[in-house]
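Each chain, letter by letter, is given below.
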Amino acid sequence: MPGIDECLLDVMRLPGARGAAVVDWTSGLALGTIGDAPNGDHEATAAETAEVARMAVEQPAFSLGLPDAPTAPDGAAAASAGPPVEDVIVTTRAGYHILRFVETDFDSSVFVHLWLDRAEGNLALARIRLGEMAERLVLA
């Protein structure tokens, strides 16, 4: 199972990848970075993207607490692990920013941010691969 550095190296192998980071969305701190940052500063980008992630995760409109939520075999409401949002995609004229949330055993407050060039990247492929990488990522 890959750690942060190996995960970031894998992310940068995606066509059109410009830069990536693993970020804690509760603190806004980058746990690891690679490549370029959209504004030239990985720490500032981590703080800015953490704000977007936090807004998405904390909004009731995106929660899984819907009336039709699945129930456990004993009839109780099934508790969902991790954040209710899988990913957030922000599209700009020049690129895509994908924030893929990582489920962890503790508080699931981590996401992978990929900055993808719009002309060279494949958004669908990147989203699928980020999901696979997020499932394998080991945070120690």
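First things first, this report covers the structure right here in the doc. (Residues numbered from 1 in each chain as written. Predicted model: local features only at pLDDT ≥ 70, side-chain atom pairs only at ≥ 80, totals over all residues. Heavy atoms only, no water.)

## Some words on the pairing of strand β4 (residues 95-102)
Within a regular beta strand, the side chains point alternately toward one face of the sheet and then the other, so they alternate between its two faces.
Inference 1: Counting buried positions along β4 gives eight out of eight residues, so the element sits mostly inside the fold.
Inference 2: Burial of the side chains of β4 extends over both faces: G95, H97, L99 and F101 are buried on one face and Y96, I98, R100 and V102 on the other.
Inference 3: Across five bridges, strand β3 (residues 87-91) lies against β4 in antiparallel orientation. When the sheet's bridge partners are listed, I89 is paired in β4 with I98.
Inference 4: Linking β3 back to β4 in an antiparallel pair, the connection comprises three residues.
Inference 5: Direction of pairing for β4 relative to strand β5 (residues 110-117): antiparallel, over a ladder of eight bridges. Of the residues in β5, the one forming a bridge with Y96 is L116. (Buried < 20%, exposed > 50% of the residue type's maximum accessible area, 1.4 Å probe, protein only. Helix = DSSP H or I, 4+ residues; strand = E, 2+ residues; numbered from the N terminus. Pairing = 2+ DSSP bridges.)

## As for the packing of aromatic side chains
Inference 1: Applying the stated rule across the entire model yields one aromatic pair.
Inference 2: Between the aromatic rings of F101 and F111, the centroid separation amounts to 6.0 Å while the plane-to-plane angle is 55°, which identifies the pairing as tilted. Taken as a pair, F101 in strand β4 and F111 in strand β5 lie far apart in primary sequence, 10 residues in all.
Inference 3: Its relative accessible area of 5% is what places F101 among the buried residues.
Inference 4: Look at F111 and you get buried, because its relative accessible area is 0%.
Inference 5: The ring of W115 has R18 lying over it, and the distance from NZ or CZ to the ring centre is 4.2 Å. (Phe/Tyr/Trp six-rings, centres within 6.5 Å; stacked < 30°, edge-to-face > 60°. Lys NZ or Arg CZ within 6 Å of the ring centre and 35° of its normal.)

## Overview of the side chain of R54
Inference 1: Mapped onto the elements, R54 comes out in helix α2 (residues 42-58).
Inference 2: Polar contacts involving the side chain of R54 include one to the main-chain carbonyl oxygen of T26, which spans 3.5 Å.
Inference 3: At 2.5 Å, the side chain of R54 forms a polar contact with the side chain of E51.
Inference 4: Excluding residues that lie within four positions of it along the chain, R54 makes contacts with W25 and T26. (Polar contact = N/O pair within 3.5 Å; in protein donor to acceptor, adjacent residues only side chain to side chain. Contact = heavy atoms within 4.5 Å.)

## Concerning the pattern of salt bridges
Inference 1: Under the defined criterion, the tally for this structure stands at eight salt bridges.
Inference 2: A salt bridge links E86 to R127; the nearest nitrogen and oxygen atoms lie 3.6 Å apart. Of the two residues, E86 sits in the loop between α2 and β3 while R127 sits in helix α3 (residues 123-136), which places them 41 residues apart along the sequence.
Inference 3: Of the residues examined, R127 reaches a relative accessible area of 33% and is grouped as partly exposed.
Inference 4: Notably, a salt bridge pairs D87 with R100, separated by 3.4 Å at the nearest N-O pair. (Salt bridge = Lys/Arg side-chain N within 4 Å of Asp/Glu carboxyl O.)

## Considerations on the sheet that holds strand β2 (residues 29-35)
Inference 1: Pairing is antiparallel in the open sheet, where five strands are placed in the order β2-β1-β5-β4-β3. Both edges of this open sheet fall to β2 and β3, since each of them pairs with a single strand only. Between one strand axis and the next, the sheet turns by 15° as a mean value, whatever way the strands run.
Inference 2: Two strands pair when backbone bridges link them, and strand β1 (residues 17-24) and β5 are joined in this way by seven bridges, in the antiparallel orientation. If you follow G19 over to β5, its bridge partner there is W115. (Axes fitted to C-alpha atoms, helices over the stretch in contact; angles between N-to-C directions.)

Read these as spatial facts, not as claims about activity.
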